[in-house]
Structures are given as C-alpha cells and as structure tokens.
Amino acid sequence: MMFGVGLLGSILTLKQLRSWRMSKIGHKDEKMSPKIGLFVYGTLKQGFHWHEKFLGRGSIFRGKALTVGRFPLVIGNSGVPYCLWDSKGSGHQIEGELYWIDSETLDGLDEYEGVCKRHYRREMIEVMLTGGNGNDGKSKGVMQPSYTGKIKTWCYFKSSSDDLLRQKVYHRSYTRSFHDKHYHAIKHIQVKQQLYLEKEYGKRFGVNDSLG
C-alpha cells in the first residue's frame, strides 16, 4: 500500500514537472512570436541593405502600408532616409512596409537604431495597408489605402533635426533604385557613431546630422 502511494506521488511529481516545463516553453514561444507591429520605410524594407539582418527571421510581412499622418522624409548624404519626428505634420504620407515582429527583434532594432543613444526614437503611429506592390521605383503610381482600417504600429524616427535637414526635399517613399545607387552602409554607421560621441562629450568631430 505504501509502495502504491509512493509510486502515485512520483507520477504526480513527474506530471507536475512536465506541466511546469511546458508552461515555460509556452511562455518562451509567446515572447518570441511575432505580435508587435513595425512600420519600416527605409533600409529595413524587403531587398534593402539591412532587411535580412534584422527582419529576415522572426518577422511576418503584413504588406505594403501608408502612414495616416504626414512626416518629412529626407535623405542624408550617405543615402540614408530620415523621418523627422520634430517636424511631424508636414511632408507626405510615407510609403513603407508593415511587419509583425517579436520582442527580441524589437530589442535588436532599438540597439541598432541607437534609441538609448537618442539618435532615433521609436513612436507609435497609425498606418493603413495598401493594395498592390506600391511604388518600387519603377512605377509612377502612388500607393492607395485598402479597406482594412487603421493599424497602430511602432516606427523609428530621427530624434531631432537641424535646419539643413529640414530644408532638404521631402520624399513620399525611399525607392530601391535610389538606395542601390546612393546608400553607403559604412559611412552611415560612422556618422551615427560620431554623432553619438559629439552628443556625449559636447565636442565636434567634423560631422553634422544633416550629413547622415
């Protein structure tokens, strides 16, 4: 009788252990499942320089999208696009892509974009999914909203801008043809590093935000 009780206790313990392990796995899967909305308009788009590194895994492509609000989208000298948060309300509705990503991907993007260094900021905006493939540099058409309604999603913006950036041409989209011709990844990274040093130490290193 005592043996039976001991065996039953062992079985219950094994079941509890298995249940605990499954709960941990489920928690991990929930954390890693792509449920966070992210709108991208630049080098993170499909076929662009940083897409595979940051969105190649752990993300789900929802479709082409268009911002509800208007933002200035300007191009720095290294060919990198900047959406200017401090001038929101001017410019155009921006064309881009909407993704579902997981929290690990979001953390990696925060680090890459330099959120903690105050180079970029992540803000919640509204976008609309659009029909068709959008403007890829070959089509002259403007993306049109579909009937899926507004979607709240994260988006990265340049934290602050100077007069030189704000005086640049405002674009509606950052095209693949422009990216392939003008984007310089190494220069882009160098500019971000030098700007961070300038802000940290209050010293000029010969780099200006408008040259990004």
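Residues numbered from 1 in each chain as written. Predicted model: local features only at pLDDT ≥ 70, side-chain atom pairs only at ≥ 80, totals over all residues. Heavy atoms only, no water.

## What to know about the environment of F54
Assignment of secondary structure puts F54 in helix α2 (residues 51–55). Separated by 47 residues in the primary sequence, F54 and I101 have C-alpha atoms spaced 9.9 Å apart. (Helix = DSSP H or I, 4+ residues; strand = E, 2+ residues; numbered from the N terminus.)

## Examining the pattern of salt bridges
Between side chains of opposite charge, pairing is possible as soon as their charged atoms come close. One pass over the full model with this rule turns up 6 salt bridges. The closest approach of N and O atoms between E97 and K64, which form a salt bridge, is 3.4 Å. Here E97, found in strand β5 (residues 92–101), pairs with K64, found in strand β2 (residues 59–71); they are 33 residues apart in sequence, far enough to count as distant. Judged by relative accessible area, which is 2%, E97 ranks as buried. Residue class for K64 comes out partly exposed when judged on its relative accessible area of 22%. Across the pair R122 and D110 runs a salt bridge whose closest N-O atoms are separated by 2.8 Å. Within this pair, whereas R122 is found in strand β6 (residues 120–130), its partner D110 is found in helix α3 (residues 103–113), the two being separated by 12 residues in sequence. Overall, the relative accessible area of 22% leaves R122 in the partly exposed class. (Salt bridge = Lys/Arg side-chain N within 4 Å of Asp/Glu carboxyl O. Buried < 20%, exposed > 50% of the residue type's maximum accessible area, 1.4 Å probe, protein only.)

## Overview of the pairing of β5
Burial of β5 is extensive: 7 of the 10 residues sit out of reach of the surface. The pairing of strand β1 (residues 36–40) with β5 spans 5 bridges and is antiparallel. Each bridged residue has a counterpart across the sheet, and for V40 the counterpart in β5 is E97. The pairing of β2 with β5 spans 9 bridges and is classified as antiparallel. Residue pairing across strands places F61 opposite Y99, the latter belonging to β5. (Pairing = 2+ DSSP bridges.)

## Focus: unusual backbone geometry
A positive phi angle, near 65°, is found at R118, a position not held by glycine. Here R118 lies in the loop between α3 and β6. Here R118 falls in the partly exposed class, since its relative accessible area comes to 44%.

## Topic: the side chain of K45
Assignment of secondary structure puts K45 in the loop between β1 and α2. Of note is the side chain of K45, whose polar atom sits 2.6 Å from the backbone oxygen of Y174. (Polar contact = N/O pair within 3.5 Å; in protein donor to acceptor, adjacent residues only side chain to side chain.)

## What about the environment of H49?
By the element assignment, H49 lies in the loop between β1 and α2. In this structure, the C-alpha to C-alpha distance between H49 and H184, residues 135 residues apart in sequence, is 9.4 Å. When neighbours within four sequence positions are excluded, H49 is seen to be in contact with T43, H179, Y183 and A185. (Contact = heavy atoms within 4.5 Å.)

## Considering the state of the cysteines
All chains considered together, the criterion is met by 0 disulfides. We note that C155 lacks a disulfide partner, and the nearest cysteine sulfur, in C83, lies 5.7 Å from it. (Disulfide = S-S within 2.5 Å.)

## Side note on the packing of aromatic side chains
The relation between two aromatic rings is expressed through the spacing of the ring centres and the mutual angle of the planes. Across all of its chains, the model carries 10 aromatic pairs by this definition. Ring geometry for F48 and Y174: centres 5.8 Å apart, planes at 40°, overall tilted. Of the two residues, F48 sits in the loop between β1 and α2 while Y174 sits in the loop between α4 (163–166) and α5 (176–182), which places them 126 residues apart along the sequence. Each of the two residues, F48 as well as Y174, counts as buried. Aromatic pair F54 and Y112: ring centres 4.7 Å apart, planes at 35°, arrangement tilted. With F54 in helix α2 and Y112 in helix α3, this residue pair connects regions lying 58 residues apart in the sequence. Here the aromatic cluster, defined as three or more aromatic residues joined through ring pairs, consists of F48, Y174 and F178. Lying across the ring of W154, R122 places its NZ or CZ 4.4 Å from the centre. Its guanidinium or amino end placed over the ring of Y82, K158 lies 4.7 Å from that ring's centre, counting from NZ or CZ. (Phe/Tyr/Trp six-rings, centres within 6.5 Å; stacked < 30°, edge-to-face > 60°. Lys NZ or Arg CZ within 6 Å of the ring centre and 35° of its normal.)

Function cannot be inferred from these measures alone, as they are strictly geometric.
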